[in-house]
Amino acid sequence: MLLQKRGSIYYFRWVIPEHLRPIFGRRELVRSLRTSCIFTARVRSYRFCTLVRAHKEHFGMSDTDNAGYEGLMKTLWDQLLRDNQDIPADRQEYKQERYKMGEVKRMITESALNQKGEIDGYHRRIDDIIKSFIEIVWPEADFSPIYNNPEECRRFLDDMRSMIYHVSDQRQEMLNPETNIPPLPSYLGGGLQNKPLPEDKIEPLKIEGVCFSKLHKEYIDHLREKGTKESTLEDYERYNKRFVNMRGDSDVNGINKVFLRSFIYDFKKLPRMNLNRYKGVAETELLKINIPDSDLVSPRYVHSCVKWLVSVFNFAVESEYLNKNPADGLTRVFPKGGTRYSDYTDEEVRTLIRKVSGNSFKWRELLVMLGAYTGMRLGEIHQLRKEDFRRDTHSGVMYISVNKEGGKKVKNDNSLRSVPIHQKLVDYGLMEYVDQLSAGERLFTNREQYCTQWFAGFLSDCGIDKLNQLGERRVFHSFRHTCVTKMKSKNIGDSLVEQVVGHKEQRPTITDGYTHRFPIEDLVPAVNAIDYGME
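Residues numbered from 1 in each chain as written. Predicted model: local features only at pLDDT ≥ 70, side-chain atom pairs only at ≥ 80, totals over all residues. Heavy atoms only, no water.

Grouped burial of nonpolar side chains is what soluble globular proteins tend to show. Core analysis: the biggest nonpolar cluster contains 55 residues, and L352, F455 and M487 have the highest contact counts within it. Sort the elements by how many residues they give to this core and helix α17 (residues 362-374) lands first, with eight residues. Excluding residues that lie within four positions of it along the chain, M487 makes contacts with I492, V497, V500, V501, A526, A529 and I530. Of all hydrophobic cores here, the second largest spans 37 residues; its members include F212, L260, F267 and A316. (Core = buried A, V, L, I, M, F, W, Y, C linked by side-chain atoms within 4.5 Å. Buried < 20%, exposed > 50% of the residue type's maximum accessible area, 1.4 Å probe, protein only. Helix = DSSP H or I, 4+ residues; strand = E, 2+ residues; numbered from the N terminus. Contact = heavy atoms within 4.5 Å.)

Below you can see the structure in the form of structure tokens.
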């Protein structure tokens, strides 16, 4: 009997013995457990295990792998006995070994015992037992057959609990010796002889887990390997510095949701970091000052900090430092807030294009035209090189490739895409300008931040307010909102729009798993839907 994963769903599978197949009329029993969670699958598989066990008993069958299981457990038992013969001479080492043993017993007790001291359900803590105990005592053993068999896993948990208590010199004070210490399995024979204890009582030793600063360093290294932008990593380092300054370099095992909420509530009381009058003042001192609301960090900045915490602790769970993310749900407690981006009206776009046309700085004209007719992010446009302008060999469509080549950065994997070049850009002479560039030369040589600052001033010069009538912000990113709005107003399908702008599918369906990227020629109508009435 075993669990199998088909796609994302777990199934229970029992290969029926050959002499019983005429009775059952099949070779195997396969049932969907209707879950993608391994722990839920193991629980749901119990009723099938019970059914199979009943048939085995009815037909007088014995488990063919029982001898192998008992042999494996006997070998483990012998190893435990050998390891328990000598008490470590070093007192600190003795404390640590005793603490490890107590921790394993505690995990079993808290997760799997009912009031009678019996194990009444399979629990996730079996992973902790295998990793923190078996790998220490017998690292070369292969327990995967047991781990993958729900019935054997349950039996293993029973036997492990019994063996641990018999090799241990001390018992947890919370346990009742009369009900909670079961007899050894009969196939193991006798137990241990009593061992002399040290003269004085050994208190459990607290073994510190990983500190937050160490976790964060590993997290940053992980993101850097994935190609995350350095500017983003710098933001995260600033969050980390404030977190450590305000809450200390805490052990991550001691951080819970209440701890993190308290930090965020204090974080909201801090001033923006670009205000000179607060520079050099420690966060603990800033919290004592009555800072005006106009100087406080924005709700958007607070939300970004919360998202950073969620991401850091997701990494901690993936790295097996924690079993659960203490920051889950905090993004709902501290919503993004702030002001939404606006789109531009046709007249506003025509004003921007007319105003920038013929500008002595060619890059300014290019920046506005590419933003208006591609919907690309400013960071994506700013990194463009000559080689990113290409022609599809099959359809002949000219397009812009958003890629990671040459060390370029993208927001995420969905951002990697091909954007057809709008006819207005061709008429503007974009390709002639690109052809004049040298191999590997960039379209924009100045800093991205300077482009952002220039465009903010350019909007003002064009008489366009920073906020629209709804209070939404007008910035360069508003071109992206405008392009999406244009495409959807022309009834372009969501999947096509999302591929053009590099968004993730928002409401995936079953068929989305079978849908791949559309060919470049299918995206042309979507891009052509971007029309501002320019002659």
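The next thing to look at is the packing of helix α22 (residues 478-489) against helix α23 (residues 494-501). At a minimum axis distance of 10 Å, the contact between α22 and α23 shows a crossing angle of 155°. Taken together, α22 and α23 sit at an angle that is classed as roughly antiparallel. The interaxial crossing formed by α22 with α23 has right-handed handedness. Residue-level contacts link R480, V484, M487 and K488 of α22 to D494, V497, V500 and V501 of α23. Its residues assigned to classes, the contact of α22 with α23 shows five nonpolar, no polar and three charged. (Axes fitted to C-alpha atoms, helices over the stretch in contact; angles between N-to-C directions. Parallel < 35°, antiparallel > 145°, perpendicular 65-115°, else oblique. Left-handed = near helix turned anticlockwise from the far one by under 90°. Nonpolar A, V, L, I, M, F, W, Y, C, P; charged D, E, K, R; others polar.)

Let's shift gears to the pattern of salt bridges. In total, this model carries 21 salt bridges according to the counting rule given. Across the pair K217 and D221 runs a salt bridge whose closest N-O atoms are separated by 3.2 Å. Remark: D221 and K217 occur in helix α10 (residues 212-226); sequence separation between them is four residues, near one turn of the helix. On the basis of relative accessible area, K217 is assigned to the exposed category, the value being 55%. Judged by relative accessible area, D221 falls into the partly exposed class, the value being 31%. A salt bridge links R224 to E230; its shortest N-O distance comes to 3.0 Å. Owing to a relative accessible area of 40%, R224 belongs among the partly exposed residues under this scheme. The class of E230 is partly exposed, set by a relative accessible area of 37%. One salt-bridge network, in which partners are shared between bridges, spans K217, D221, R224 and E230. (Salt bridge = Lys/Arg side-chain N within 4 Å of Asp/Glu carboxyl O.)

Purely geometric numbers; function is a separate question.
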